[in-house]
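Listed here are the chains, written in short residue letters.
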Amino acid sequence: MEDQIQKIIIIGAGPAGFTAAIYAGRANLHPVIYAGPMPGGLLTQTGTVENYPGFPEGIDGYTLMDQMEQQAKQYGAILEYGTVTNVEKEGTLFKLTLQDQSIRKCEALIMAAGASPRWLGLESEQRLRTHGVSSCAHCDGPFYKGKTVCVIGGGDSAMEEATALSKYTEKVILIHRKEEFRASSIMQERVKTNPKIQCRMACVTEEILGKDHVEGIRIKNLKSGETEVIPCDGVFVALGHVPNTEILRNIMTLDERGYPVHNTAPEGLFFAGDCADPEYRQAITATSSGCQAAMDAEKYLNSLHQ
Ligand code: NDP
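Since we're looking at a predicted model, the values are computed, not measured. (Residues numbered from 1 in each chain as written. Predicted model: local features only at pLDDT ≥ 70, side-chain atom pairs only at ≥ 80, totals over all residues. Heavy atoms only, no water.)

Student: What am I meant to see in the packing of helix H1 (residues 15-26) against helix H7 (residues 283-304) here?
Tutor: The relative placement of two packed helices is expressed as an angle between their axes plus a distance between the axes. With their axes 7 Å apart at the nearest point, H1 and H7 run at an angle of 35 degrees to one another. The two elements H1 and H7 cross, and the hand of that crossing is right-handed. Between H1 and H7, the contacting residues are Pro 15, Ala 16, Thr 19, Ala 20, Tyr 23 and Ala 24 on the first element and Ala 283, Ala 286, Thr 287, Gly 290, Cys 291, Ala 294 and Met 295 on the second. Of the residues belonging to the contact of H1 with H7, the class tally is 10 nonpolar, three polar and no charged. (Axes fitted to C-alpha atoms, helices over the stretch in contact; angles between N-to-C directions. Helix = DSSP H or I, 4+ residues; strand = E, 2+ residues; numbered from the N terminus. Left-handed = near helix turned anticlockwise from the far one by under 90°. Contact = heavy atoms within 4.5 Å. Nonpolar A, V, L, I, M, F, W, Y, C, P; charged D, E, K, R; others polar.)

Student: In this structure, what is going on with the state of the cysteines? I would like to understand it.
Tutor: What we call a disulfide is simply a covalent bond connecting the sulfur atoms of a pair of cysteines. This model, assessed by the stated rule, comprises one disulfide. Take Cys 199: it sits in no disulfide, and the sulfur closest to it among the cysteines is that of Cys 203, at 11 Å. Relative accessible area serves as the criterion here: at 31%, Cys 199 is assigned to the partly exposed category. Lacking any disulfide linkage, Cys 232 is separated from the closest cysteine sulfur, that of Cys 150, by 3.7 Å. (Disulfide = S-S within 2.5 Å. Buried < 20%, exposed > 50% of the residue type's maximum accessible area, 1.4 Å probe, protein only.)

Student: Even after reading the chapter, I still don't get the sheet that holds strand E17 (residues 234-237), so can you show me in this structure?
Tutor: Sheet strands associate in pairs through backbone hydrogen bonding, adopting either a parallel or an antiparallel arrangement. The sheet built from five strands is open, its strands ordered E10-E17-E11-E12-E13 with parallel pairing. The sheet terminates laterally at strand E10 (133-134) and strand E13 (197-200), the two strands that pair on one side only. Strand direction decides the pairing type here: E10 and E17, joined by two bridges, are parallel. Along E17, the bridge assignment pairs Val 133 with Val 235. (Pairing = 2+ DSSP bridges.)

Student: Help me understand the side chain of Thr 169, please; the structure alone is not making it clear to me.
Tutor: The residue Thr 169 is located in the loop between helix H5 (156-166) and strand E12 (171-175) in this model. A distance of 2.8 Å separates the side chain of Thr 169 from the backbone oxygen of Leu 165, its partner in a polar contact. The residues contacting Thr 169, other than those within four sequence positions of it, are Tyr 144, Gly 146, Lys 147, Val 149 and Lys 196. (Polar contact = N/O pair within 3.5 Å; in protein donor to acceptor, adjacent residues only side chain to side chain.)

Student: Explain the packing of aromatic side chains to me, please; I cannot follow it from the model alone.
Tutor: How two aromatic rings sit relative to each other is given by the distance of their centres and the angle of their planes. Summed over all chains, the structure comprises three aromatic pairs. Ring geometry for Tyr 52 versus Phe 55: centroids 6.3 Å apart, planes at 35 degrees, classification tilted. Among the residues examined, Tyr 52 registers a relative accessible area of 15% and is labelled buried. Between Phe 270 and Tyr 300 the ring centres are 6.0 Å apart and the planes differ by 65 degrees, which places this aromatic pair in the edge-to-face class. Residue Phe 270 is found in strand E19 (residues 269-271), and its partner Tyr 300 is found in helix H7; the two are separated by 30 residues along the sequence. Judged on exposure class, the residue Phe 270 and its partner Tyr 300 are both buried. Between the NZ or CZ atom of Arg 26 and the centre of the ring of Tyr 75, over which it lies, the distance is 5.4 Å. In this arrangement the basic side chain of Lys 89 is found over the ring face of Phe 94, its NZ or CZ atom lying 4.7 Å from the centre. (Phe/Tyr/Trp six-rings, centres within 6.5 Å; stacked < 30°, edge-to-face > 60°. Lys NZ or Arg CZ within 6 Å of the ring centre and 35° of its normal.)

Student: What is the right way to read the site of the ligand from this model?
Tutor: Among the 21 residues in the neighbourhood of the ligand, the closest are listed as Asp 156, Ser 157, Arg 177, Lys 178 and Arg 182. Between the ligand and the protein, one listed contact pairs an oxygen atom with a backbone N or O atom of Gly 154 at 3.0 Å. Between Lys 178 and the ligand, the recorded distance is 2.7 Å, taken from a side-chain N or O atom to an oxygen atom. In the complex, 80% of the free accessible area of the ligand, which totals 920 Å², lies under the protein chains. Split into classes, the residues belonging to the shell around the ligand amount to five nonpolar, eight polar and eight charged. Shared between two domains, the shell around the ligand takes at least three residues from each, and those domains are domain 1 (5-117 + 241-304) and domain 2 (123-237). (Near = heavy atom within 4 Å. Areas by Shrake-Rupley, 256 points an atom, 1.4 Å probe, with all protein chains shown as cover. Domains from an automatic or database assignment.)

Student: Explain the nonpolar core to me, please; I cannot follow it from the model alone.
Tutor: Within soluble globular proteins, side chains that are nonpolar generally end up buried alongside one another. Membership of the largest hydrophobic core comes to 34 residues, with the highest contact counts inside it found for Ile 8, Ile 10, Phe 18, Ile 33, Ala 108, Ile 110 and Phe 270. The set of elements that each furnish at least two residues to this core consists of strand E1 (5-11), H1, helix H2 (61-74), strand E8 (103-111) and H7. Counting residues in hydrophobic clusters, the runner-up holds 19 residues, among them Val 32, Val 84, Leu 98 and Cys 275. (Core = buried A, V, L, I, M, F, W, Y, C linked by side-chain atoms within 4.5 Å.)

Student: Even after reading the chapter, I still don't get the packing of H1 against H2, so can you show me in this structure?
Tutor: Relative to each other, H1 and H2 sit at 25 degrees, their axes nearing to 8 Å. Judged on the interaxial angle alone, H2 and H1 are roughly parallel. Crossing of H1 over H2 shows left-handed handedness. Residues Pro 15, Phe 18, Thr 19, Ala 21 and Ile 22 of H1 pack against Met 65, Met 68, Glu 69, Gln 71 and Ala 72 of H2. A breakdown of the residues in the contact of H1 with H2 according to their chemical character gives seven nonpolar, two polar and one charged. (Parallel < 35°, antiparallel > 145°, perpendicular 65-115°, else oblique.)

Student: Help me out: how do you make sense of the domain arrangement of the protein chain in this one?
Tutor: Often, the extent of an interface is quoted as the loss of accessible area on bringing the components together. When cut into domains, the protein chain gives domain 1 (5-117 + 241-304) and domain 2 (123-237). Relative placement of domain 1 and domain 2: their C-alpha centres are 32 Å apart. Tallying the contact residues gives six residues for domain 1 and seven residues for domain 2. Of the roughly 440 Å² buried between domain 1 and domain 2 on both sides combined, carbon and sulfur atoms contribute 47%. Put simply, Glu 50 and Arg 190 hold a salt bridge, and the shortest N to O gap is 3.4 Å. At the surface where domain 1 touches domain 2, the tally comes to one residue pair in polar contact (both at pLDDT 80 or more). (Buried area = accessible area lost by both parts, 1.4 Å probe. Salt bridge = Lys/Arg side-chain N within 4 Å of Asp/Glu carboxyl O.)

What follows is the structure in structure tokens.
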């Protein structure tokens, strides 16, 4: 694999990457996918996906991704479990460095590396990660049966986490820095009508408390200026995501949030999914952009070999 020049490499094995692989595979481009640190992407960490068309009963995220993977492999895609740590341009080729320092080269590159959870940036948050601080209710929720947890955030992710956690826990306290949630009304409604969920609005998290495990959280009310300590057993941080684009910094411009700046990508580089989508970030938009990226890449490769 190291010495070969691939026609097309796809970075990322989420809905965008697998869809790109299905299209590129069907176009006989023999795509190679580098799965990175989270094969299957963020959907493997969610519960039931209710809004992916074709599944009126919903489908669990892991199964959906597994099926996409099988479909991509059926058309010749090769899934590699390496992580790409740097991308450079050498003439018309892309030169990728993997975690083990080995090199891969390709003519067209599809960036579908997704996004990673955003954290508050508190020392106590990092120290207590995996000791009561989590970003995944579906992964860690079952550990909190009958307990009290806090969820931080005001978007759809926070609503989803709070609702999912309420199925296991005694009480969920949802903490948001503004007076209004930004989440969609259907998700807000589920939270507001759930008797197990209490909302604390206009409150910022100052510290997560506990020596070896989470014991509470200290918040400050931005309206009254008062601080309050809430005893709890777990803290779920649901503040959205940061695009996984850092490896492209040498070959193009990224904006202050890390999203690709339009028209600065070198020829032959295409984007798909959450790594380039600050707005929609849905499984269905990721798959559709994966399709577009693969079709654009195919057109580009045809022009290269004319
Ligand atoms: P969003 O960016 O929508 O929300 C992030 C939330 O975190 C905001 O409320 C924001 O506050 C808050 N926040 C960000 N940084 C901080 C900070 N440092 N301290 C305190 N609070 C902070 O991300 P989501 O992941 O919730 O949603 C992303 C996209 O994915 C959306 O399009 C959403 O619709 C979609 N989604 C859909 C789901 C579904 O339909 N089932 C489930 C999950 C996500 P503020 O409001 O003040 O900016």
